[in-house]
Amino acid sequence: MLPVTLDRTSGEPLPAQLAGQVRALVLAGTLATGDRLPSSRALAADLGVSRAVTEQAYDQLTAEGWLEARRGSGTYVATTRPTGVTSRPTQVTSRPARPTSRPTRPTSRLDTGTPFFDPRLEAGWRRAWREVSVAAPPRGYDDPRGLAELREALAARLGRTRGLEVHPDEIIVTAGTTDGLRALLPELRPGPVAVEDPGYRAAAETVLTYGREVIDLPAVQQVDHLGAAVAAYVTPAHQHPLGRVMPAADRLSLLEAARRADAVVIEDDYDSEFRYDVAPVPAMATLDRDRVVYLGTAAKSVVPTLRLGWLVAPPDLHDLVLRRRTITHAGAAWPSQRALLTLLRDGWLDKAVRSARRVYAERAPRVAEAMTPYATLAGPLAGMYSTWLLPEPDAVRARDAARAAGFEINLLSTYARSSGLTGLVIGFGGVTDAELDQALAAVTAALGR
């Protein structure tokens, strides 16, 4: 049986305790690749818990890529390397190609960045801003680390929701993910930065803007070599835009490659809270706090226009970033920080995440039902969008049909540089149910011709 012990007096749920201990056994090598685990029934009997506890833990670890289920055989520690995988990135010295056509001002955007906002939570939102209006603002420049009370609340939330135990003084509040990247880039040693391809367009553009070359990092392949890159920018919880969760073996391989290259891994914890089937995958930073820079944001859980995020970096980079921000008086706007503090303290943010997760869980299958006859799903159904692979002419025809109907849908090719992947990236957070149905009707009608 497994050498694990569950603490029923702990505030941590039993499935989470079990998953964490099994994960630690794999990392320590106690459980090796290919080892067979006890059945969920046998382990439940051994631990004196219900089978639901062990099944939830196994499901979580399977979703994260630590375990794999083999039909008719059992559950095993996952293999460390997929077969037939190439891992060397491609270097790019020029800016990504820009789309040649211009939108005709559609009425609604089915994009990856506009979240669902529950109108039932408007009262709490207004209350937060009323508190800002009566609070005393700082008498001088803001603390470059961010509002102390907000950093305390964020530290508690990161520990509770992302498994990342940090001290408030390790957090630097930023004006969003790209602001965190902008703060970090000048402090890295000279050299190119690897960015997933296809990947977050703002990240690649920001790297180029700072005069660094971009190296294309394969988004769906295990990476064991970073070349000359001094950093690798990744979205492991929900790859942007393909939707894939980076498997545990791939995370470990990337970290090892970063150690050999003396590079840092920049983890953009994009869209991490919106899983429908299992609990959110723990942050990659939990595996190596000395190698990973963690970037979080309120853009998807609150609203993008709040312009708030947070950065947790290894001590040497933290000090360099903080020194520059102190000299330049850089920092996130105090009113937004104060409002987010109230939203956290009141439990508003937790309610917003739960509400949005329910909506996304209902809308994602509707998108899948409409698109499956015409395209291939690129990753699991999670988050506020899904990505569909199909030939570029078909994707363009569908995009144009949606645009004519008053909806903007992004082409996958606009996220790709050297990968050549094509298709549609369909967001469903920032529209109503009726608008989503109208947009899907336009897309499927075009694809069915």
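Residues numbered from 1 in each chain as written. Predicted model: local features only at pLDDT ≥ 70, side-chain atom pairs only at ≥ 80, totals over all residues. Heavy atoms only, no water.

S.K.: Describe the packing of helix α12 (residues 392-404) against helix α13 (residues 433-447), naming the residues involved and giving the relevant values.
M.R.: Geometry of a packed helix pair, given as the angle between the helix axes and the separation of the axes. Axis separation between α12 and α13 bottoms out at 8 Å; the angle between their running directions is 140 degrees. Comparing the axis directions of α12 and α13 gives the class oblique. As for how α12 packs across α13, the hand of that crossing is right-handed. Two secondary-structure elements touch here, α12 through Asp394, Arg397, Ala398, Ala401 and Ala402 and α13 through Ala442, Val443, Ala446 and Leu447. Its residues assigned to classes, the contact of α12 with α13 comprises 7 nonpolar, no polar and 2 charged. (Axes fitted to C-alpha atoms, helices over the stretch in contact; angles between N-to-C directions. Helix = DSSP H or I, 4+ residues; strand = E, 2+ residues; numbered from the N terminus. Parallel < 35°, antiparallel > 145°, perpendicular 65-115°, else oblique. Left-handed = near helix turned anticlockwise from the far one by under 90°. Contact = heavy atoms within 4.5 Å. Nonpolar A, V, L, I, M, F, W, Y, C, P; charged D, E, K, R; others polar.)

S.K.: Lay out the confidence of the model for the protein chain with the relevant residues and their values.
M.R.: Residues of the protein chain with pLDDT of at least 70 account for 93%, and the chain-wide mean is 90. The low-confidence segment residues 81-88, where pLDDT is below 50, has 14 contacts with residues more than four positions distant or belonging to other chains. This model gives residues 92-105 a pLDDT under 50, and the stretch forms 20 contacts once residues within four places in sequence are excluded. (pLDDT = per-residue confidence, 0-100.)

S.K.: Explain empty space enclosed by the protein residue by residue, including any values.
M.R.: In total, this model carries 4 cavities of 30 Å³ or more according to the counting rule given. Estimated volume of the largest cavity: approximately 210 Å³. Among the secondary structure elements, those contributing two or more residues to the lining of the largest cavity are α5 (148-161) and β10 (292-297). Per-element accounting of the lining of the largest cavity gives the leading share, 4 residues, to α5. Class assignment for the residues of the lining of the largest cavity results in 7 nonpolar, 5 polar and 6 charged. Approximately 80 Å³ is the volume attributed to the second largest cavity. If you go around the second largest cavity, the residues you meet are Glu196, Leu217, Pro218, Ala219, Gln221, Gln222, Val223, Val234, Arg244, Met246, Asp250 and Leu254. (1 Å grid on protein atoms, 1.4 Å probe; cavity = no way out; pocket = protein on both sides within 12 Å on 5 of 7 lines; lining within 4 Å. Points joined across faces, edges and corners; volume = space filled by probe spheres on them.)

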